[in-house]
Amino acid sequence: MSDFSEDLLRPLAEDEPRERSVGSGSGMHFPWLQKLVESVATGGKKEKDFAQTTSACLSFIQEALLKHQWQQAAEYMHSYFQILEDSDSNKRQAAPEIIWKLGSEILYYHPKSSVATFSAFADRMKNIGVMNYLKISLQHALYLVHHGLLEDASRNLSQAETWRYGDKSASQEVLISLIQAYRGLLQYRTWSEKKAELSELDEDDYAYNTASQSMLDHSWKTSANFRSLIQVPGVWDPFVKSYVEMLEFYGDREGACEVLTNYAYDEKFPSNPNAHVYLYNFLKREKAPREKLISVLKILYQIVPSHKLMLEFHRLLRKSEQEEHRRLGLEVLFGVLDFAGCTKNITAWQYLAKYLRQTLMGNHLAWVHEQWAPRKSWWPGFHFSAFWAKGDWTEDKALAHEKAFVAGVLLGKGCRYFRYISKQDHQVLRKKMKRIKKLVKKYSIVNSAL
């Protein structure tokens, strides 16, 4: 298969023998489909209905894709092009997008496909489905970026940016903004390279001034491309991060803060944990007050209570002078450990063990009961079974000790986890276990009155 996209659209040559086949008025050749169509749910009878033919063909393509049978899917695609002449105008209008999605998937994975093949198919589909021109152009550019052809991708996006067909719709406006933003990302890459070069030059060197001016030119173009997109509600993480980095580099910290604040808090935008992470990291770099940092992470906690920044959130809360914050600090630790992905996070268990002790020393038994009440029915099996005790002791003895203390405080010395760990004879850790037993006896909440 020397030219896959040509093969997909290849019309029947005049001198090519015409075997029995499913065909279309355009002269397209569908030799293999006849037998398959005869075997659809008609008991083997020939089914000449156009709609059933294309429907059967589409089913075969989908099955081939699911089984990663790329050559077979390519052969089916060759015949599916007859859908472009369907008498149903709605199906005919939807066909180019379906063909593009299926064809591009096949071309991406087919072992004999190439960049030239994919590009030829993309260019052909842009002309067949003009309403999908912008979408296909963007996906084509991303394919080129994936293969490291950045100049070709940029050129492709530039052509798409100036393309117009009829009255500009709202969806076209968003796509054009997206295309401009992806061009901006490519320009940002050039800017980043020049930034790295600049860091190696002497500020008094003539080359420094030249490189600095070149960077400024690129940043102006890139900023304009980013700015229009991030005003549209959506999830634009890579564009926002790049834009903010450039604003910070040129000292516009107010502008960077405004961009990140709007991205995180504007109600028109979808809920996005990363938006709050970016804002928090920016404020942290700017050495913002603790209260401001807490307010940002509090929202992140409500969205993703198991986020890796939650342990940092806990540290901020426990240092706060407000009792409400210190109470929330305990809740955050329990919240983190509610998730299976955090069960072996030794830092979280160390924090919980230490903070339980501090909380109980501070006469806040009610805080502990408040967090334990909704968990006492499932945490014992989730964290503190004999099975977990054996596994933790084998894999990580430090983790096992931290969990043993927490289990003893919450469930008492009769807890299976605590009993198993306390019975293990380890010469080096014997003193530590003895100390844990004393602390459990002193701070266990079992049978303790509120």
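The rules we used
- Residues numbered from 1 in each chain as written.
- Predicted model: local features only at pLDDT ≥ 70, side-chain atom pairs only at ≥ 80, totals over all residues.
- Heavy atoms only, no water.
- Axes fitted to C-alpha atoms, helices over the stretch in contact; angles between N-to-C directions.
- Helix = DSSP H or I, 4+ residues; strand = E, 2+ residues; numbered from the N terminus.
- Parallel < 35°, antiparallel > 145°, perpendicular 65-115°, else oblique.
- Left-handed = near helix turned anticlockwise from the far one by under 90°.
- Contact = heavy atoms within 4.5 Å.
- Nonpolar A, V, L, I, M, F, W, Y, C, P; charged D, E, K, R; others polar.
- pLDDT = per-residue confidence, 0-100.
- Buried < 20%, exposed > 50% of the residue type's maximum accessible area, 1.4 Å probe, protein only.

**Student:** Hey, could you run me through the packing of helix α11 (residues 237-249) against helix α13 (residues 273-285) in this one?
**Tutor:** When two helices pack together, their arrangement is given by the angle between their axes and by how far apart the axes lie. Interaxial distance between α11 and α13 falls to 11 Å at its minimum, and their mutual angle equals 15°. One element, α11, and the other, α13, form an angle in the roughly parallel class. The crossing of α11 and α13 is right-handed. Each of Asp237, Lys241 and Glu248 in α11 lies in contact with α13, whose residues at this interface are Asn274, Tyr278, Phe282 and Arg285. Split by residue class, the contact of α11 with α13 holds 2 nonpolar, 1 polar and 4 charged.

**Student:** Please clarify how the confidence of the model for the protein should be interpreted in this entry.
**Tutor:** In low-pLDDT segments, the atomic positions of the prediction should not be examined closely. In the predicted model, the protein carries a mean pLDDT of 83, and the fraction of residues at 70 or more is 81%. Counted against residues more than four places away or in other chains, residues 9-48, with its pLDDT under 50, gives 66 contacts.

**Student:** It is not clear to me how helix α4 (residues 70-80) should be interpreted in this structure. Could you clarify?
**Tutor:** Note that an α-helix has 3.6 residues per turn; residues three or four places apart therefore point the same way. Counting buried residues along α4, 8 of its 11 residues qualify, which places the element largely inside the surrounding structure. Inspection of α4 places Trp70, Ala73, Ala74, Tyr76, Met77, His78, Ser79 and Tyr80 among the buried residues, and these make up the whole buried set.

**Student:** Explanation requested: the environment of phenylalanine 226 in the structure shown.
**Tutor:** Here phenylalanine 226 lies in helix α10 (residues 206-229). The exposure class of phenylalanine 226 is buried, given its relative accessible area of 0%. A C-alpha to C-alpha distance of 7.4 Å links phenylalanine 226 and glutamine 180, two positions 46 residues apart in sequence. Once you skip the residues sitting within four places of it in the chain, phenylalanine 226 turns out to touch Ala181, Gly184, Leu185, Tyr188, Phe239, Ser242, Tyr243 and Met246.

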